[in-house]
Amino acid sequence: MRRQRAAGPLFVAPFMVLFLLLFLAPLGYAAYLSLFQERLIGGTAFVGLDNYAQALSDPQFLHGIGRVALFFVFQVPVMLLLALVFALALDSGLLRLARVIRLGIFVPYAVPSVVAALMWGYLYGPDFGPFAQLSRELSLPVPDFLSEGWMLGSLANIVTWEFVGYNMIILYAALRTVPEELYEAAAVDGAGAWRTAWSIKLPALRPALMLTLLFSVIGSFQLFNEPKLLMNIAPDVISSSYTANLYAYTLAFTGQQVNYAATVSFLLGLVIVIASYAVLLTANRRRTS
Amino acid sequence: MPQNTSTFMSGPSPMSRRLFLTTTGALSLGAALTACGGNDSGGSAGSGKPVGQADIDKAMKTPTELTFWTWVPNMDKEVALFEKRYPAIKVKVVNAGQGTPQYTKLRTALKAGSGAPDMVQIEYQAIPTFTITDSLLDLRPYGAAALKSTFVDWTWSQVSGNDGEIWAIPQDTGPMGMLYRQDIFDQHGIEVPGTWDEFAAAARKLHKADPDVYLTNLAANQVAAWHGLLWQAGAKPYVTSGKGDITISVDDSVSQKLGAYWGGLAKEGVIGVEPDFTDSWYAALNKGKYATWITAAWGPVFLSGSAKATAGKWRAAPLPQWDAAKPSSGNWGGSTTAVIRSTKNPVAAAVFAQFLNTDPASARMFATEQFFFPATKSLLTDAEFVSDAPSFYGGQKVNQVFADIGSTVNSSFQWPPFLDQAATDWTETVGKSLADRTDTVRALGTWQSRLTSYAKNQGFTVKGS
């Protein structure tokens, strides 16, 4: 009995050590850094919460947060709905070449986002991109995917393309765990394919959907790679503070304002925690009501 | 895209290496080293004590390992020359990224207090960004002052500090000129513009004659080109005096003249404003969308590698002038070798930086292997170098054109100690105004105020324009 009690902490220990070293320590260090200000002339000074006060009224930071929030609201539902549809279709067993299709949808996730952004950057090109050339061929107006009005949508398209397959796999795996007996029972009760999907599959998917939703919250608010790369071809549209994460990067590596960058990152983390919690809360409330 | 594109070297070799064996030049490192301890070192207080020849000899015979960060392809070849001359010293060459990515890593290593190299490839414009953090070693005590006459005058002022410190040894340069499409000019009866007024007239004429073609593209993401054009126009956007004092005048009368000129052409829609060094831009150059490329001395070799479809159609000329009677140019790109102050082997590192860029064989190798545009006077007057006539430029002696331009580069241009910030702010104000075809002169004011408040925030005493 005593030996068993000793085993518990031992099993948890590797996790706790890594958690401490790789998560809590950097977090603590960032929090520590955010209380100082280091200047090129004059050195480092303790400034308390000044950096936080500055960030909370910094339009560049706030706009970045607002932009990713908007991105989240539009991009995530589309992406998850597509993933859900694909997962259900694959699970229905009605598709021919299901394996090939499954792989085909998943493959974009295997493409590094750097490569994906470069590829889409080329496709979006207003002069020599295929969409532009096709439009010109058909004497249609050339869509300017890289303009101010379209950019967020263009980014959303890239992210959706990248992550639909990933989310689909999670949902599909969840569907595979539904006990066969439930389907048999439904069939005995006379349920058709739609009824089965609605009354059995969707409720079974709820935890998996929750998981993909949470991943998407985190992913959206940390949006970085895609705007950073499209910045090269659309520098007039994507500013160095386009997303909050990009802003933190710019502060640290362009402006050499490491302390303020730590503040912005810390606040961004806080926003993500709040957003995730809000998402969980609304989803749970809907279930209980 | 890092601002220095001079290392994207490819394409056919424009020269043979035959002559380098017969040329010795005036570049003798020995002379430089024996001169140390003379009146040239110790120029002012704080320069450190000159290191004697005996100490240098001793250091160069002591087994030592040095680390050198550089993005120059095939740098091993030049390094091998050094190792042959000083067998006791081993140099580890590390590619830590080109331009900005390397600086970011360097800054991180310096901050961490470990992992920084002994010597580093650094562009002219980045030197003040590292001297402000006291990261570079003053090379005067090691005899660098004796090398002054070896290099093109303006490069020496670029590597020198306000108190006469020598922060780096020049390696290559990028005096600015104009590459143009002879065939497009001929087709539309356009003369090579000698002044910016003629250039503007040609831009309007060409675009009117063929709406798919523009006389040039002024990239809305390329602050280095803007700085080069400011440089040509005689602007002094950044002037530092003492460590914490800076005068920022990026919207003075010269800048406003440039802003009105280029902003006006952009607004009229007679020039392109797309970002450079992108797929779309390469395609545009290959397909004849632009009739000129305003670039630097590294441009000819770069273009011949990236616009192969247009071989034989290009020619080179000096930049159009604001005052045709007083030809001048700016510089875009080029880099140097600096020694990091934290090095444990300052003597060997300093000798390396000097040898690499002044040893006749090594300096020549940069021109023949990496196609760098030389920074040494002897190579720029070297018959073989200037008589090279690549077929991509229809047999024109392109190096001669740029060598001549090099002597018109103004030597008093200075860089700010926070170049990255200046670049980002430019792209988001002036660059954006060009791309959006809005008021560029007003954008200059925004650039000025953004930079000023950044500098003040960083503790500088700022004097505005």
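Residues numbered from 1 in each chain as written. Chains lettered and ligands numbered in written order. Predicted model: local features only at pLDDT ≥ 70, side-chain atom pairs only at ≥ 80, totals over all residues. Heavy atoms only, no water.

## Considering the overall build of chain A
Summing up its helical and strand segments, chain A has twelve helices and two strands in all. The secondary structure elements of chain A, listed N-terminal to C-terminal, are α-β-β-α-α-α-α-α-α-α-α-α-α-α. With the C-alpha coordinates aligned to their principal axes, the bounding extent of chain A is approximately 80 × 80 × 35 Å. Taking all 289 residues of chain A together, the buried fraction comes to 41%. A fraction of 67% describes how many contacts in chain A between residues 6 or more apart in sequence connect residues 24 or more apart. Within the structure as shown, chain A displays about 16600 Å² of accessible surface, and the carbon and sulfur contribution to it stands at 69%. Counting 17 positive and 15 negative side-chain charges, chain A places the averaged centre of each group 14 Å from the other. (Helix = DSSP H or I, 4+ residues; strand = E, 2+ residues; numbered from the N terminus. Buried < 20%, exposed > 50% of the residue type's maximum accessible area, 1.4 Å probe, protein only. Contact = heavy atoms within 4.5 Å. Areas by Shrake-Rupley, 256 points an atom, 1.4 Å probe, with all protein chains shown as cover. Lys, Arg positive; Asp, Glu negative; His and termini not counted. Charge placed at Lys NZ, Arg CZ, Asp CG, Glu CD.)

## Quick look at the UniProt feature "transmembrane region" (unreviewed entry) in chain A
All names here are of chain A. Within the UniProt annotation, "transmembrane region" (unreviewed entry) is assigned to residues 68–88, 100–123, 150–175, 204–224 and 260–283. Within the segment residues 100–123, helix and strand shares are 92% and 0% respectively, and the terminal C-alpha atoms sit 25 Å apart. Taken as a whole, residues 150–175 contains 96% helix and 0% strand, while its terminal C-alpha atoms sit 36 Å from one another. (UniProt positions renumbered as here; feature names shortened; annotations may be inferred.)

## A closer look at the sheet that holds strand S3 (residues 119–123) of chain B
Residue and element names in this part refer to chain B. Read from one edge of the open sheet, five strands run S2-S1-S3-S10-S4, paired in mixed fashion. Lying at the two open borders of the sheet, with one neighbouring strand each, are strand S2 (89–94) and strand S4 (169–170). Inspection of the sheet shows S4 paired to strand S10 (residues 335–339) by two bridges, in the antiparallel sense. What sits directly across from Ile-169, in S10, is Thr-337. In the packing of helix H3 (residues 75–85) onto the sheet, contacts are made with strand S1 (64–69), S2 and S3, and the angle to S2 comes to roughly 170 degrees. (Pairing = 2+ DSSP bridges. Axes fitted to C-alpha atoms, helices over the stretch in contact; angles between N-to-C directions.)

## Re the interface of chain A and chain B
Listed as interface residues are 23 residues of chain A and, on the opposing side, 38 residues of chain B. Carbon and sulfur atoms supply 52% of the area that chain A and chain B bury against each other, a total of about 2400 Å² over both sides. Among the residues of chain A in contact with chain B, A:Leu40, A:Ile41 and A:Phe128 are the three that bury the most area, contributing 27% of the side total. Viewed at the interface, chain B and chain A are joined by nine residue pairs in polar contact (both at pLDDT 80 or more). When contributions to the side of chain A that touches chain B are tallied by element, the ones reaching two or more residues are strand S1 (36–39) and helix H11 (244–253) of chain A. The dominant element in the side of chain A that touches chain B, judged by the number of residues it contributes, is S1(A), at three residues. Along the lines of polarity and charge, the residues of the side of chain A that touches chain B split into eight nonpolar, ten polar and five charged. (Buried area = accessible area lost by both parts, 1.4 Å probe. Polar contact = N/O pair within 3.5 Å; in protein donor to acceptor, adjacent residues only side chain to side chain. Nonpolar A, V, L, I, M, F, W, Y, C, P; charged D, E, K, R; others polar.)

## Topic: helix H13 (residues 346–358) of chain B
All names here are of chain B. The terminal C-alpha atoms of H13 lie 18 Å apart, and with 13 residues this matches the ideal 18 Å at 1.5 Å per residue to within 8%. Counting buried positions along H13 gives twelve out of 13 residues, so the element sits mostly inside the fold. Among the residues of H13, Val-347, Ala-348, Ala-349, Ala-350, Val-351, Phe-352, Ala-353, Gln-354, Phe-355, Leu-356, Asn-357 and Thr-358 are the ones counted as buried. (Expected span 1.5 Å × (residues − 1).)

## Examining the environment of B:Gly164
For B:Gly164, the position within the fold is in the loop between helix H6 (153–159) and S4. Note: C-alpha distance between B:Gly164 and B:Ala283 (119 residues apart in sequence) is 45 Å.

## A closer look at the pairing of S10(B)
Residues and elements named next belong to chain B. Extensive coverage of S10 is indicated by the burial of five of its five residues. Covered by surrounding structure in S10 are Ser-335, Thr-337 and Val-339 together with Thr-336 and Ala-338, the residues of both alternating faces. As judged from the five bridges shared by S3 and S10, these two strands associate in the antiparallel manner. Across the sheet, the residue bridging to Ile-122 is Thr-336, located in S10.

## Brief notes about the packing of aromatic side chains
All names here are of chain B. Summed over all chains, the structure comprises 58 aromatic pairs over all chains. Relative to Phe-355, the ring of Tyr-86 lies with its centre 6.2 Å away and its plane at 75 degrees, an arrangement referred to as edge-to-face. Here Tyr-86, found in the loop between H3 and S2, pairs with Phe-355, found in helix H13; they are 269 residues apart in sequence, far enough to count as distant. Each member of the pair, Tyr-86 as well as Phe-355, carries the same accessibility label: buried. Here the aromatic rings of Tyr-282 and Phe-302 are separated by 6.2 Å at their centres, their planes lie at 45 degrees, and the arrangement is tilted. On the criterion of sequence distance, the pair formed by Tyr-282 in helix H11 (residues 279–286) and Phe-302 in helix H12 (residues 299–306) is long-range, its members being 20 residues apart. Given a relative accessible area of 4%, Phe-302 falls into the buried group. Ring pairs connect the aromatic residues Phe-277, Trp-281, Tyr-282, Trp-293, Trp-298, Phe-302 and Trp-332, which therefore count as one cluster. (Phe/Tyr/Trp six-rings, centres within 6.5 Å; stacked < 30°, edge-to-face > 60°.)

## Observations regarding the domain arrangement of chain B
All names here are of chain B. Taken domain by domain, chain B holds domain 1 (53–173 + 335–371) and domain 2 (176–331 + 396–463). Using C-alpha coordinates to define each centre, domain 1 is positioned 29 Å away from domain 2. Between domain 1 and domain 2, the residue contacts involve 14 residues of the former and 22 residues of the latter. Between domain 1 and domain 2, a total of about 1500 Å² is buried, with carbon and sulfur atoms accounting for 54% of that surface. It is Gln-125, Ile-132 and Trp-154 that lose the most area in domain 1 upon contact with domain 2, and together they represent 38% of the buried surface on that side. At the junction of domain 1 with domain 2, the criterion picks out two salt bridges. Between Lys-243 and Asp-134 there is a salt bridge; the shortest N-O distance is 3.5 Å. Taken together, the connections running from domain 1 to domain 2 amount to eight residue pairs in polar contact (both at pLDDT 80 or more). At three residues, H6 tops the list of elements feeding residues into the side of domain 1 that touches domain 2. The residue makeup of the side of domain 1 that touches domain 2, split by class, is six nonpolar, six polar and two charged. (Domains from an automatic or database assignment. Salt bridge = Lys/Arg side-chain N within 4 Å of Asp/Glu carboxyl O.)

## Focus on the pattern of salt bridges
Residue and element names in this part refer to chain A. On inspection of all chains with the given rule, the structure shows 18 salt bridges over all chains. With its nearest N and O atoms 2.9 Å apart, the salt bridge here joins Asp-91 to Arg-176. Taken together, the residues Asp-91 in helix H3 (residues 59–91) and Arg-176 in helix H7 (residues 151–176) connect sequence positions 85 residues apart. Residue class for Asp-91 comes out buried when judged on its relative accessible area of 12%. Judged by relative accessible area, which is 53%, Arg-176 ranks as exposed. A single network of salt bridges, built from pairs that share partners, joins Asp-91, Arg-176 and Lys-201.

## Section: the UniProt feature "domain: ABC transmembrane type-1" (unreviewed entry) in chain A
Under the local residue numbering, the UniProt record ascribes the feature "domain: ABC transmembrane type-1" (unreviewed entry) to residues 65–279 of chain A. Helix makes up 75% of residues 65–279 of chain A and strand 0%. Its end C-alpha atoms lie 17 Å apart.

## Some details on a nonpolar patch on the surface
Residues and elements named next belong to chain A. Among the surface-exposed residues, Phe-11, Val-12, Phe-15 and Met-16 lie close enough to one another that they form a single nonpolar patch of about 450 Å² accessible area. Structurally, the position occupied by Val-12 is in helix H1 (residues 2–33). With a relative accessible area of 41%, Val-12 lands in the partly exposed category. (Patch = residues over 30% accessible without salt bridge, like charges linked within 9 Å, V, L, I, M, F, W, Y side chains within 5 Å.)

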